[in-house]
Amino acid sequence: MYAAVVPLFLAIFMLWSPSTKAKLQVVTELSPPNQTIENHQVSGSSTDLVKAILKLAELEAEFAIYPWARAYKLAEHGNNTLIYSMARTPEREQRFHWIGPVAVFHLGFVTNNYREDIKVRSLEDAKKYKIAVQRGDIAAGTLKALGFNFIQTSDIEKSYELLVANRVDLVIDDPRYLTAMATELNLPSDHFVFLYDVKQLSVEGYLATNNQLPLAIVEKLRKAFETVSKTQAYRRVLEL
């Protein structure tokens, strides 16, 4: 009996040993230039950082892009799942293991460059306009708390499509990313204009894991993040 138990114990230990290359699922949303699709592969500046962390940790993973609400649900309930770039909020704190920031966002109101009729010099000004926000996004909760009404979409590209069609007046994004989104939508690089910075929406976007992931794997990821965070490539992405 004991002869059978010992090999079984060793097999289980080796399965989750820190040296094991565990196959993980990594989910994110489309958010150029941080998360993009190139040649049918998930790419982008934050994606490059996540891939560097995984490589250093000697972990294998498959990447997939989903609407944010679905990506979040998969990460919350998928035991071997990572997610990025996610704002670290009190509501989410205990639901995930937090590895480290792989993006930084300074978000505010964006419109089409020809919409000279739209003037936003304060949060109260913005409340007069139709706004699109991604379902489950940090901006949705923040704007709701600030007293805004808005349309919810499945992902940021859908929000921009409503904006381009003038079905909404404003979307939420970072001014650094407007050219990348215009390119994604096959529009002139200057098609979008940033109007107003929402201070409450300056946040870091984290790489996080489902909180059921074995701690040995979590620690490997955190150790790898510490190394990557000291590189010039990391500083360029986060503008440190």
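Residues numbered from 1 in each chain as written. Predicted model: local features only at pLDDT ≥ 70, side-chain atom pairs only at ≥ 80, totals over all residues. Heavy atoms only, no water.

An unreviewed UniProt entry annotates the protein chain as Amino acid ABC transporter substrate-binding protein originating from Pseudoalteromonas piscicida.

S.K.: Teacher, can you tell me more about the overall build of the protein chain here?
M.R.: Scanning the protein chain from terminus to terminus reveals nine helices and 10 strands. Once the C-alpha set of the protein chain is aligned to its principal axes, its extents read approximately 80 × 35 × 30 Å. Every one of the 240 residues in the protein chain was classed for burial, and the buried ones make up 48%. Long-range contacts, defined here as pairs at least 24 residues apart, represent 71% of the contacts in the protein chain between residues at least 6 apart. Accessible area for the protein chain stands at about 12400 Å²; split by element, carbon and sulfur atoms hold 54% of it. (Helix = DSSP H or I, 4+ residues; strand = E, 2+ residues; numbered from the N terminus. Buried < 20%, exposed > 50% of the residue type's maximum accessible area, 1.4 Å probe, protein only. Contact = heavy atoms within 4.5 Å. Areas by Shrake-Rupley, 256 points an atom, 1.4 Å probe, with all protein chains shown as cover.)

S.K.: Can you walk me through the pattern of salt bridges in this structure?
M.R.: When the charged atoms of two side chains lie near each other, side chains of opposite charge can form a pair. Within this structure, the stated rule accounts for 11 salt bridges. Close ionic contact of Glu 124 with Lys 127 constitutes a salt bridge, the shortest N to O distance being 2.9 Å. Given a relative accessible area of 52%, Glu 124 falls into the exposed group. Lys 199 is the partner of Asp 197 in a salt bridge, and the nearest nitrogen-oxygen pair spans 3.1 Å. By relative accessible area, which is 24% here, Asp 197 ends up partly exposed. For Lys 199, a relative accessible area of 64% puts it in the exposed group. Among the charged side chains, a salt-bridge network with shared partners connects Arg 115, Asp 117 and Asp 169. (Salt bridge = Lys/Arg side-chain N within 4 Å of Asp/Glu carboxyl O.)

S.K.: Is there a simple way to explain the domain arrangement of the protein chain in this structure?
M.R.: Many analyses report the size of an interface as the accessible area lost when the parts associate. Partitioning the protein chain into structural domains gives domain 1 (24–104 + 204–238) and domain 2 (105–202). Summed over both sides, the interface between domain 1 and domain 2 buries roughly 1400 Å², with carbon and sulfur atoms accounting for 60% of that surface. For the interface between domain 1 and domain 2, the tally reads zero salt bridges. Of all elements in the fold, only helix H3 (68–77), strand S5 (81–87) and strand S6 (96–112) reach the threshold of two or more residues within the side of domain 1 that touches domain 2. Broken down by class, the residue content of the side of domain 1 that touches domain 2 amounts to 10 nonpolar, five polar and two charged. (Domains from an automatic or database assignment. Buried area = accessible area lost by both parts, 1.4 Å probe. Nonpolar A, V, L, I, M, F, W, Y, C, P; charged D, E, K, R; others polar.)

S.K.: Whenever I open this one, unusual backbone geometry confuses me. Can you help?
M.R.: Phi is mostly negative for residues that are not glycine, and the peptide bonds are mostly trans. Across the junction of Pro 32 and Pro 33, the peptide omega takes the value 0 degrees, indicating a cis bond. Structurally, Pro 33 is set in the loop between strand S1 (23–28) and strand S2 (36–38). Of the consecutive residues Tyr 84 and Ser 85, the connecting peptide bond is found in the cis state with omega at -10 degrees. With respect to the helices and strands, Ser 85 occurs in strand S5. Notably, Asn 39 is not glycine yet its phi reads approximately 50 degrees, a positive angle. Residue position: Asn 39 is located in the loop between S2 and strand S3 (41–43). Judged by its relative accessible area of 69%, Asn 39 is exposed.

S.K.: Got a minute to help me understand the environment of Glu 116 in this structure?
M.R.: By the secondary structure assignment, Glu 116 is in the loop between S6 and helix H4 (123–126). According to the relative accessible area criterion, Glu 116 is exposed, its value standing at 63%. Along the backbone, Glu 116 and Lys 220 are 104 residues apart, and their C-alpha atoms lie at a distance of 51 Å.

S.K.: Could you clarify how one ought to interpret the pairing of S1 in this entry?
M.R.: For a regular strand, side chains alternate in direction, first toward one face of the sheet and then toward the other. Where S1 meets strand S4 (residues 60–65), six bridges bridge the pair, whose relative direction is parallel. Following the sheet pairing, Thr 28 is matched in S4 by Ile 65. Of the strand pairs in this sheet, S1 and S5 are connected by three bridges, and their pairing is parallel. Along S5, the bridge assignment pairs Val 27 with Ile 83. (Pairing = 2+ DSSP bridges.)

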